[in-house]
Amino acid sequence: MKKVLITGITGFIGSYLSQYLSALDYEVKGTSTRIQNDSVFKCQLDNKHEVETVLTQFSPDIIIHCAALSSVTRGQTIDYYVNNVIATENLIECANKLPNLERFIFLSTAGVYGNQAGHEVLHENLCPNPISHYGMSKFVCEKMCWGFFKDPSIVTIVRPFNVIGTGQNADFIVPKLVSHFIQNKKSIRLGNINTYRDYIDIYTSCELIHELILSTEARGEIVNLCTGQGHTVAELIAVLEKIYGYKIEVITDPKFVRKNEVWKLIGSVQKLEQYIGKPVPQMNLHKILSEMK
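K.L.:
What am I meant to see in unusual backbone geometry here?
P.N.:
For residues that are not glycine, phi is negative in most cases, and the peptide bond is trans in most cases. Notably, aspartate 25 is not glycine yet its phi reads approximately 70°, a positive angle. Note that aspartate 25 resides in the loop between helix 1 (12–23) and strand 2 (27–32). Given the relative accessible area of 57%, aspartate 25 is considered exposed. Despite not being glycine, serine 59 shows a phi value in the positive range, around 50°. Summarising the element assignment, serine 59 is placed in the loop between helix 2 (48–58) and strand 4 (62–65). Since its relative accessible area comes to 18%, serine 59 is described here as buried.

K.L.:
Would you explain the sheet that holds strand 12 (residues 231–232) in this entry?
P.N.:
As a general point, the strands of a sheet are linked pairwise by backbone hydrogen bonds and lie either parallel or antiparallel. Spatial strand order, 12-9-14: 3 strands in an open sheet with mixed pairing. In this open sheet, the two edge strands, each paired with only one partner strand, are strand 12 and strand 14 (264–265). As paired elements, strand 9 (residues 196–197) and strand 12 share 2 bridges and run antiparallel to each other. Looking across to strand 12, one finds that arginine 197 is bridged to histidine 231.

K.L.:
Would you mind going over the pattern of salt bridges with me for this structure?
P.N.:
Should the charged atoms of two oppositely charged side chains come close, the side chains can pair. Counted according to the given criterion, the structure contains 11 salt bridges. Through salt bridges with shared partners, a single ionic network connects Glu207, Glu211 and Lys278.

K.L.:
Is there a simple way to think about the nonpolar core in this case?
P.N.:
Grouped burial of nonpolar side chains is what soluble globular proteins tend to show. Counting residues in hydrophobic clusters, the biggest one holds 41 residues, and the most contacted among them are Val4, Ile6, Ile13, Leu17, Ile64, Leu107 and Leu212. Listing elements by their share of this core, those giving two or more residues are strand 1 (3–7), helix 1, strand 4, strand 5 (103–107), helix 6 (202–214), strand 11 (221–225) and helix 8 (270–276). When residues of this core are assigned to their parent elements, the largest contribution, 6 residues, is made by helix 6. Counting residues in hydrophobic clusters, the runner-up holds 28 residues, among them Ala87, Leu91, Leu98 and Phe149.

K.L.:
Looking at this model, I keep getting lost on the packing of aromatic side chains. Mind explaining?
P.N.:
For any two aromatic rings, the description comes down to two numbers: the centre-to-centre distance and the angle of the planes. As enumerated under the stated definition, the model contains 7 aromatic pairs in all. A ring pair is formed by tyrosine 113 and phenylalanine 161, whose centres lie 6.2 Å apart and whose planes are at 35°; its orientation type is tilted. Placement of tyrosine 113 in the loop between strand 5 and helix 4 (133–148) and of phenylalanine 161 in the loop between strand 6 (155–160) and strand 7 (162–164) is noted, with a sequence separation of 48 residues between them. The exposure class assigned to tyrosine 113 is buried, which follows from its relative accessible area of 0%. Clustering of aromatic rings is evident, with ring pairs tying together Phe12, Tyr16 and Tyr203. Cation over ring: lysine 3 sits above phenylalanine 58, and NZ or CZ is 5.1 Å from the ring centre. Across from the ring centre of tyrosine 113, 4.9 Å away, lies the NZ or CZ of arginine 159, which sits over that ring.

Reading the values: rules and limits
Residues numbered from 1 in each chain as written. Predicted model: local features only at pLDDT ≥ 70, side-chain atom pairs only at ≥ 80, totals over all residues. Heavy atoms only, no water. Helix = DSSP H or I, 4+ residues; strand = E, 2+ residues; numbered from the N terminus. Buried < 20%, exposed > 50% of the residue type's maximum accessible area, 1.4 Å probe, protein only. Pairing = 2+ DSSP bridges. Salt bridge = Lys/Arg side-chain N within 4 Å of Asp/Glu carboxyl O. Core = buried A, V, L, I, M, F, W, Y, C linked by side-chain atoms within 4.5 Å. Phe/Tyr/Trp six-rings, centres within 6.5 Å; stacked < 30°, edge-to-face > 60°. Lys NZ or Arg CZ within 6 Å of the ring centre and 35° of its normal.

Don't take any of this as a statement about function, it's just geometry.
Structure follows, in structure tokens:
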């Protein structure tokens, strides 16, 4: 039985991955800053001693690094670099000492692309151009994966686009929208609703991450986690209005309008489909939005 360590196992993606991989008979444990039990180590990843203790005790075959400060709009500047960069450096340095580590999956972000003038679809060969501290910190982590691992061929960098599903933090746009409709609110304050994003549901995401772990072609590579389809917030609102049977007033609030807004974040699925050997499942927006509570 392969042993998998998931950093941020109590987070949105980490918790679903834990359930998915456990059902496939992996021995799954993880780290959290808040919880400790038989399958969760309480660990601050920016504390190298704590990281080394966890890795030495569990000695995983596979590490999936999900833990991060992931909100683009929350946190002080330094927080992104402590929670993302320093934490990742500690994890890599301690992982280099493991005798049996086979795979290291780093969950980066599509935010590393930033605005790419002239490119409607974002592919992995584009030069990253992050415009937020979140995106910048994740790009630094990517570079460390290649530069700091003794054997970078065990690494796969995954760039998730907009993963959505039940249990996602309400700071993110889709759960915010769903929450307003569940509560039958008559209005909602938003920023720009005409930006395009590539949404992918959490169940498909877990399936694809697992297939990337198994893929020999994905070793030492960067790959998008996406569907290749773009939807605006306005489209999401229209779907939710059909589901809940009423129209909501959208109020444009300047505090939600980001400077240097990325207008289109739609990913290329070419490499992903090559590595998993089949087409990426297409998401039914109506279905996933109906399931989110």
